[in-house]
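# Summary of the model geometry
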Amino acid sequence: EKMTTLKNSYSTIALVLSDQLDHAISSLKCVDPATDLVVMMEVYEEATYVKHHPKKIAFLFSAMRHFANELVQKGFTVLYYKLDCKKNHQSLTKNIEALTQKYEPERLFITEPGEYRVLEFLKKWQKELSCEVYILPDDRFFCDHETFENWVTGKKSLVMEHFYRMMRKDTGYLMESDGKPTGGNWNYDQDNRNKYDGKTEIIGPKTFQPDAITLEVIALVEKEFNSHFGSTTPFWFGVTAKEARLSLNHFIKHSLPHFGTYQDAMVENEHFLFHSVLSQYINCGLLSPRLVCEEVIKAYKNNHAPINAVEGFIRQIIGWREYIRGLYWHLMPEYTNMNHLKAKRPLPKMYWTGETDMKCMRHVIQQTKEEAHSHHIQRLMITGNFALLAGILPEEVCDWYLAVYADAFEWVELPNTLSMALFADGGILATKPYAASGNYINKMSNFCKGCPYNVKKRLGEDACPFNYLYWNFLEENKKLLESNQRLRFAYANLKKIPADELKAIKKQSEEFLSSNTILD
């Protein structure tokens, strides 16, 4: 749909994708607002290659429409395909083919996409379209592909901590003039594992009322994607760079001081605790990771937030986020097929319904359904931990995570799910599987209180499924895992379990995993 008057031909076209909503994106630097054309598209193909959460689709479509309006206000000529536009072929490739035939451009600029499958069809465009197709680097990241590949070369172990320290030195973030880390330590993770005290006030993320553009998008999404998991309401996300910046300011003021201490905590009916809930803004381009880091460090220098909170947060961005992006591109395309533990069970229906007697699973899945968000420990140690222990197919688990979270794009979702949660890469990313019994969940949350299952029991009708599944997982994967040094205590404890009890654990695990509770 035209957002400005169009000419009959353009020598230069730039295509901006849904996760590139940054006015400084490399593709826009190649466009002359006075003479060239910017194209943006909402297409079924991208909204349905996995059944994305309706709130995720509404967030991205609304953010795209607001971004396109901002470009027009800056003087750009924008051709924007709304989902229900009659000329929309519902495919990036088909729309671009039609555009290049119509406008006969000499060149098409596009910033490198965040997903391998998209990069593959962009490479086909380079061969098949009548114009030159330039795929430009995505310079929003701190570490480019070449730097990451140089770091990987010759290493037997790709430990994130080593990469993180390199990034600290490269950026100068939380570094002193003598080359030592601020506060004396590189990592304050040991200070970031407290159970919530029940007293510290939880403010939560900044919320916004949907404007006319967002309401129009919500109506469209509810009509077109009503079979997808989740709902568009309540819709409170920001959809512009200005709103994303307000969300950052709000987080720094209200939640950052407590983020470090309680970043691993989980609390029933508290969806956000002290987490920033900024990842969807950063990942789609509305918020610069550099700006985020600099503002958070400023809060430390102003004595507004302690070092364990600030370092823990900075580590998530320049350490973890950059590391998994580098790992994704380093390991693709074989990465998607990894299944080191030979997991083979289908994804349980409860991941889509949230209907289960396990209180922790029910809480996290229902929250995900409502918010298109849950924080990293819930993803790793509840839904991810269950999938690991139950031996669920990595492909189905990864598709679920990619679909249900507003911040999920494959480059960030796949390493977190396949490697970190499922250990399906065999230890490239994590030095051990993040398998845990109900004891961990009880230690870090209040989910076990009022649950029909008894977290203290590992056998019996009312035993916590995480308990017997945990020991069954260790037994099932003994050949692959018992030589892992970080699991030596777990396997020493497994040996202490009598053979008849181990047999009963296996039987109860199999009965549970094939029961209606899980499958229907």
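What you are looking at is a predicted structure, and each value in this text was computed from that prediction instead of being measured. (Residues numbered from 1 in each chain as written. Predicted model: local features only at pLDDT ≥ 70, side-chain atom pairs only at ≥ 80, totals over all residues. Heavy atoms only, no water.)

## Quick notes on the overall build of the protein
- Check the secondary structure of the protein and you find 23 helices and 5 strands.
- Taken over the C-alpha trace, the protein has a radius of gyration of 24 Å; the compact-globule value for 520 residues is 24 Å, and the two agree within 12%.
- Seen through its principal axes, the protein has C-alpha atoms that stretch 80 × 55 × 50 Å.
- For the protein, the residues scored as buried account for 58% of the 520 residues in total.
- Looking at the protein alone, contacts between residues at least 24 apart form 77% of all its contacts between residues at least 6 apart.
- About 22200 Å² of surface is accessible on the protein, with carbon and sulfur atoms providing 49% of the total.
- Counting 62 positive and 65 negative side-chain charges, the protein places the averaged centre of each group 4 Å from the other. (Helix = DSSP H or I, 4+ residues; strand = E, 2+ residues; numbered from the N terminus. Rg over C-alpha atoms; globule rule 2.2 N^0.38 Å. Buried < 20%, exposed > 50% of the residue type's maximum accessible area, 1.4 Å probe, protein only. Contact = heavy atoms within 4.5 Å. Areas by Shrake-Rupley, 256 points an atom, 1.4 Å probe, with all protein chains shown as cover. Lys, Arg positive; Asp, Glu negative; His and termini not counted. Charge placed at Lys NZ, Arg CZ, Asp CG, Glu CD.)

## Quick notes on the confidence of the model for the protein
- Per-residue confidence for the protein gives a mean pLDDT of 94, with 98% of residues at or over 70.
- Confidence, read as mean pLDDT per element, is least for helix α23 (residues 516-519) in the protein (58) and greatest for helix α8 (residues 241-254) (98). (pLDDT = per-residue confidence, 0-100.)

## Quick word on the packing of aromatic side chains
- Summed over all chains, the structure comprises 37 aromatic pairs.
- Here F59 and F237 contribute two aromatic rings whose centre-to-centre distance is 5.4 Å and whose plane-to-plane angle is 75°, an arrangement assigned as edge-to-face. Of this pair, F59 sits in helix α2 (residues 54-73) while F237 sits in the loop between α7 (212-224) and α8, and the two are 178 residues apart along the sequence.
- Taking relative accessible area as the criterion, F59 reaches 0% and is therefore assigned buried.
- Judged by centre distance (5.9 Å) and plane angle (40°), the rings of Y401 and Y405 are tilted.
- Here Y405 falls in the buried class, since its relative accessible area comes to 1%.
- Three or more aromatic residues link up through ring pairs in this structure, and these residues are F229, Y351, W352, F386, W400, Y401, Y405, F466, Y468 and F512.
- Sitting above the plane of the F237 ring, K55 keeps its charged end 5.9 Å from the centroid.
- Positioned over the ring face of Y405 is R379, at 3.8 Å from the centre of the ring. (Phe/Tyr/Trp six-rings, centres within 6.5 Å; stacked < 30°, edge-to-face > 60°. Lys NZ or Arg CZ within 6 Å of the ring centre and 35° of its normal.)

## Description of the pattern of salt bridges
- For the structure on display, the rule yields 24 salt bridges.
- Among the salt bridges present, the one from K506 reaches E510, with a minimum N-O distance of 3.3 Å. Here the residue K506 and the residue E510 both occupy positions in helix α22 (residues 499-513), the gap between them amounting to 4 residues, near one helical turn.
- Here the residues in one salt-bridge network are E42, R65, K82 and E216, joined through shared partners. (Salt bridge = Lys/Arg side-chain N within 4 Å of Asp/Glu carboxyl O.)

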